[in-house]
Amino acid sequence: MNNKYIAWFEEIDKNDIPIVGGKGANLGEMYNAGIPVPYGFVVTATAYFDFIKATGLDKKIRQILTAMNYQDPRSLQTSSDAVRKAIKATAIPGDISKAIMTSYLDLARRSKEKAHLTQKLSSILSEPFVAVRSSATAEDLPTASFAGQQDTYLNIKGEANVVQKVREAWASLFTPRAIFYREEQKFDHFKVGIAIPVQIMVSSEVSGVMFTLDPVTNDKTKVVVEAIFGLGEYIVQGAVTPDHFEVDKKSLRLVNKKVSFQNKKLVKVNGVNKSVTLSKSQGSRQKIKDEVAVEVAKVGMKLEKHYFFPQDVEWAVEDNHVYIVQTRPITTVKITTKENAAVAASGGSKINLPLILKGDPASPGIKSGPVKIIYKASEIDKVVSGDVLVTVQTNPDFVPAMKRAVAIVTERGGRTSHAAIVSRELGIPAVVGTASATKTLQNGMVVTVNGGKGEIYKGGLSAESLSALKEKSENRPGATLKTATKVYVNLATPTRVEEVAKKNVDGVGLLRAEFMIADIGTHPKKLIKDHKENIFIEKLSEDLLKFCKAFNPRPVVYRATDFKTNEYRNLIGGQEFEPEEPNPMLGYRGAYRYMSDPEVFKLELEAIKVVRNKHGFKNLYLMLPFVRTVHELIEVKKIIAANGLMRSPTFKLWMMVEIPANVIILDQFCEAGIDGVSIGSNDLTMLILGTDRDNTEVAPEFDERNPAVTWAIEHVIKTCHKYNVTTSICGQAPSDYPELVEKLVEWGTTSMSVNSDAVEQVRETVSAAEAKLVSKRK
């Protein structure tokens, strides 16, 4: 390098990370390997270090940070603001600013000279539009990862503006997130530098991402390419759904293709990014030709060969030329094998004991134990391991006691009630809606609960008898069958995750947040108020990690919190933050809560990032519940993107369809940009039929097979087909009604997510329905 402050791409390679950062080093490495990279230079980390030392900023920054309590969000924000303000207000020494301006003014000339390597960019002006990127680096900290912590500025023109953006990029080294990361990792703030790549902008006609293996299955024989019209920002934000291509590495043939509708694109107009609405015909077009997808894949294979590791690549097309904007290794490649296990179903065998009570079957299995009657959550400590928990009805505060119980019996509720759902998650028998359990049964009475038939017997069964009943129904065919329609499982707590993961399931189609958060016990807003939000993030991420590890590489679809206000109020500190509502079911919940007060939702996003980024499990997806309007969806997506989670082949964004509005204007929700929907048949049925499923007086009217409900489900599946949005159903219905499963297969659902006890049964029904469908088509 002729200038210690400037490094042109041809002067640097992968060994120069301490000087130009990981991003800068990668750009130089690609350029010198003949990869088509838009040309540019890097303002080195030396320039940053000399800037803060020559101006005395290092002492001022140290003084501000010494007085900071980084675990106090307000102190962290105040200190960050002060440091960044100081940097932006300080003039850059003349030798550094001159080097930057001279290099920018020389960029167009040098780029034209290097055209044989970078291909010809359209309209390279004497003062070209450039991207000013950030690339943090630490010479003494080779394991540090600073991805996504600093800022990038696009479509910058003019030497003075470039210098200004370089200074702003330097300031972004001290965002709250970046400071917090370094403090947590115990990194010295003054050993971490920042380099600034300055690169000619590509006015992307089409842009996208590419993975040189299948990021979900880790299949190394494929390259996955995704594409959208316009600049790449929308694909990064997840604002639109990209076209999907899969290229076989050996034959270089396109083996899979899915074209998605795109409702808008981002374009550069006079140096400004502008959103342009696409018509139906425009947005429905294939974004790139098949041969271009193959060409992009070829470049990806070249990158993988060069780096000896699978790559995650950002690319763009201008004037029919493919350019690589960035590449990074995929660090989460794992070799896994799917284990299939025989089912341990129960509930269908004869029990020779006196029948004393009947209710609705809610969770299969047969268990014996002494009765323990409680009426409210404050009494849960009375329940000890091995008890049969008997109560009027349960709520999330009962979960610790339910975990200790061998079976659950309630007076109220149906098969979609809290007691039923949690019992199935825990894998214990449950009978609900008995009407008189707390009166008929007595504390200490030994009973046997048959959850599969909804029966309670007087007296207990020996361990040998229970074992024999269990063995009778093992090894069902559904334990090994394969089907085109995916069969996912619904889960809520990590108690049985290892056991369930061994079943013949394709992933977790619904991972409920509420029970894990109930285990934390304290209202998240109280934790925020007490500056203890890390407790929430750590505990939730630990639980999520258990699911992702057990099921990897199969997807785990995490449904964000959907506590209603009455449920939230029961958490410690909840009464301070939750209003009392006359009808919480239709109240302050779901996406509207995230949009109105995003702080708790942001904690969930942080927990997701810990699992995906720190631990490297990219099989964790996000599902949004109770989204009333398209506006809510768009606003929540902005929050997700602003917090560093971008839709990609490894991060899908799903939406629950559980409100009639979701069905009626589903086209608009799809056009707003989602990857999948999951039909919440429990709430959807209740809201379509106007029937409270937990009210025993009207519970008989609750039926997912009602023609109005099945019409809605069919409409959702067929509408999603038009937009290449995947469909699933995660309510109770598929577990209970084989005839509905057959209809779902016939309508073309992508998947269905069922209780763990119903996996094999549903798989068998799906297999038979698929075979029937194939024979019909013949």
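In what follows, the accompanying structure is described. Everything numeric here is computed off the predicted structure, so don't read it as measured data.

1. Observations regarding the sheet that holds strand β10 (residues 254-258)
Read across the sheet, six strands follow the order β10-β9-β8-β7-β13-β14 without closing on themselves; strand pairing throughout is antiparallel. Bordering the open sheet on either side are β10 and β14 (321-329), each of which pairs with just one other strand. The mean angle between the axes of side-by-side strands here comes to 20°, regardless of whether they run parallel or antiparallel. Relative to β10, strand β9 (residues 243-248) runs antiparallel, the two being bridged by four bridges.

2. Focus: the pattern of salt bridges
Scanning the entire structure with this criterion turns up 34 salt bridges. Taking the shortest distance from any N to any O, the salt bridge between Lys 372 and Asp 387 comes out at 3.1 Å. Here Lys 372 is found in strand β17 (residues 366-373), whereas its partner Asp 387 is found in the loop between β17 and β18 (388-391), with 15 residues between them in sequence. In this structure, Lys 718 engages Glu 714 in a salt bridge whose closest nitrogen and oxygen atoms are separated by 2.6 Å. Residue Lys 718 and its partner Glu 714 are both found in helix α28 (residues 707-722); the two are separated by four residues, about one turn of the helix.

3. Thoughts on the nonpolar core
Leu 544, Phe 551, Tyr 558, Phe 601, Leu 622, Leu 624 and Ile 640 are the most contacted members of the largest nonpolar core, which totals 87 residues. Considering each element in turn, this core owes the most residues, nine residues, to helix α19 (residues 533-551). Excluding its chain neighbours within four sequence positions, the residues that come into contact with Phe 551 are Val 489, Leu 491, Val 497, Val 500, Ala 501, Val 505, Gly 507, Val 508, Val 556 and Asn 619. Core analysis: the second largest hydrophobic core is formed by 80 residues, Ile 64, Ile 100, Ala 169 and Leu 303 among them.

4. Observations regarding the side chain of Glu 632
Relative to the helices and strands, Glu 632 is located in helix α24 (residues 630-642). Although Glu 632 lies buried, it forms no salt bridge, and the closest oppositely charged side chain, Arg 628, sits 4.5 Å away as judged by the N-O distance. Look past the residues within four positions of Glu 632 in its chain and what remains in contact with it is Ala 591, Tyr 592, Met 595, Phe 626 and Val 627.

5. Details of α28
End to end, α28 covers 23 Å across 16 residues, agreeing with the expected 22 Å (1.5 Å per residue, within 8%). The N-capping residue of α28, defined by a side-chain oxygen 2.9 Å from the backbone nitrogen of Ala 708, is Asn 706. Two residues or fewer after α28 comes Asn 724, characterised by a positive phi angle close to 55°.

6. Regarding the sheet that holds strand β16 (residues 360-363)
If you trace the eight strands from one edge of the open sheet to the other, you get β15-β22-β21-β17-β18-β19-β20-β16, paired in mixed fashion. The open sheet has two free edges, formed respectively by β15 (355-358) and β16, since each of these has just one partner strand. On average, adjacent strands in this sheet sit at an angle of 30° to one another, irrespective of strand direction. The pairing of strand β21 (residues 446-450) with strand β22 (residues 455-458) spans four bridges and is antiparallel. Residue pairing across strands places Thr 448 opposite Tyr 457, the latter belonging to β22.

7. Some details on unusual backbone geometry
Put simply, Asn 552 and Pro 553 share a cis peptide bond, and its omega is 5°. Following the sequence through the fold, Pro 553 ends up in the loop between α19 and β25 (556-559). Positive phi, normally seen in glycine, also occurs at Asp 319, with a value near 50°. Mapped onto the elements of the fold, Asp 319 is located in the loop between β13 (311-318) and β14.

8. Re the packing of aromatic side chains
All chains considered together, the criterion is met by 13 aromatic pairs. Taking the centre distance of 4.7 Å and the plane angle of 50° together, the rings of Phe 563 and Tyr 568 count as tilted. For Tyr 568, a relative accessible area of 2% gives the class buried. One aromatic cluster in this structure is built from Trp 8, Phe 9, Tyr 31, Tyr 39 and Phe 41.

9. A closer look at the packing of α19 against helix α23 (residues 599-614)
Two elements in contact, α19 and α23, have axes whose closest approach is 8 Å; the angle formed by their N-to-C orientations is 45°. What the angle tells us is that α19 and α23 run oblique. Judged by the twist between their axes, the crossing of α19 over α23 is right-handed. Packed against α19, whose contacting residues are Glu 533, Phe 536, Ile 537, Leu 540, Ser 541, Leu 544, Leu 545 and Cys 548, the element α23 presents Leu 603, Glu 604, Glu 606, Ala 607, Ile 608, Val 610 and Val 611 at the interface. Among the residues forming the contact of α19 with α23, the class breakdown is 11 nonpolar, one polar and three charged.

10. Examining the environment of Met 516
Note that Met 516 resides in helix α17 (residues 514-520). The buried category is assigned to Met 516, whose relative accessible area is 1%. Taking the C-alpha atoms as reference points, Met 516 and Thr 493, 23 residues apart in sequence, are found 6.1 Å from one another. If sequence neighbours within four positions are ignored, Met 516 has contacts with Ala 492, Leu 511, Leu 540, Asp 543, Leu 544, Phe 547 and Tyr 558.

Conventions used here
- Residues numbered from 1 in each chain as written.
- Predicted model: local features only at pLDDT ≥ 70, side-chain atom pairs only at ≥ 80, totals over all residues.
- Heavy atoms only, no water.
- Pairing = 2+ DSSP bridges.
- Helix = DSSP H or I, 4+ residues; strand = E, 2+ residues; numbered from the N terminus.
- Axes fitted to C-alpha atoms, helices over the stretch in contact; angles between N-to-C directions.
- Salt bridge = Lys/Arg side-chain N within 4 Å of Asp/Glu carboxyl O.
- Core = buried A, V, L, I, M, F, W, Y, C linked by side-chain atoms within 4.5 Å.
- Buried < 20%, exposed > 50% of the residue type's maximum accessible area, 1.4 Å probe, protein only.
- Contact = heavy atoms within 4.5 Å.
- Lys, Arg positive; Asp, Glu negative; His and termini not counted.
- Expected span 1.5 Å × (residues − 1).
- Polar contact = N/O pair within 3.5 Å; in protein donor to acceptor, adjacent residues only side chain to side chain.
- Phe/Tyr/Trp six-rings, centres within 6.5 Å; stacked < 30°, edge-to-face > 60°.
- Parallel < 35°, antiparallel > 145°, perpendicular 65-115°, else oblique.
- Left-handed = near helix turned anticlockwise from the far one by under 90°.
- Nonpolar A, V, L, I, M, F, W, Y, C, P; charged D, E, K, R; others polar.

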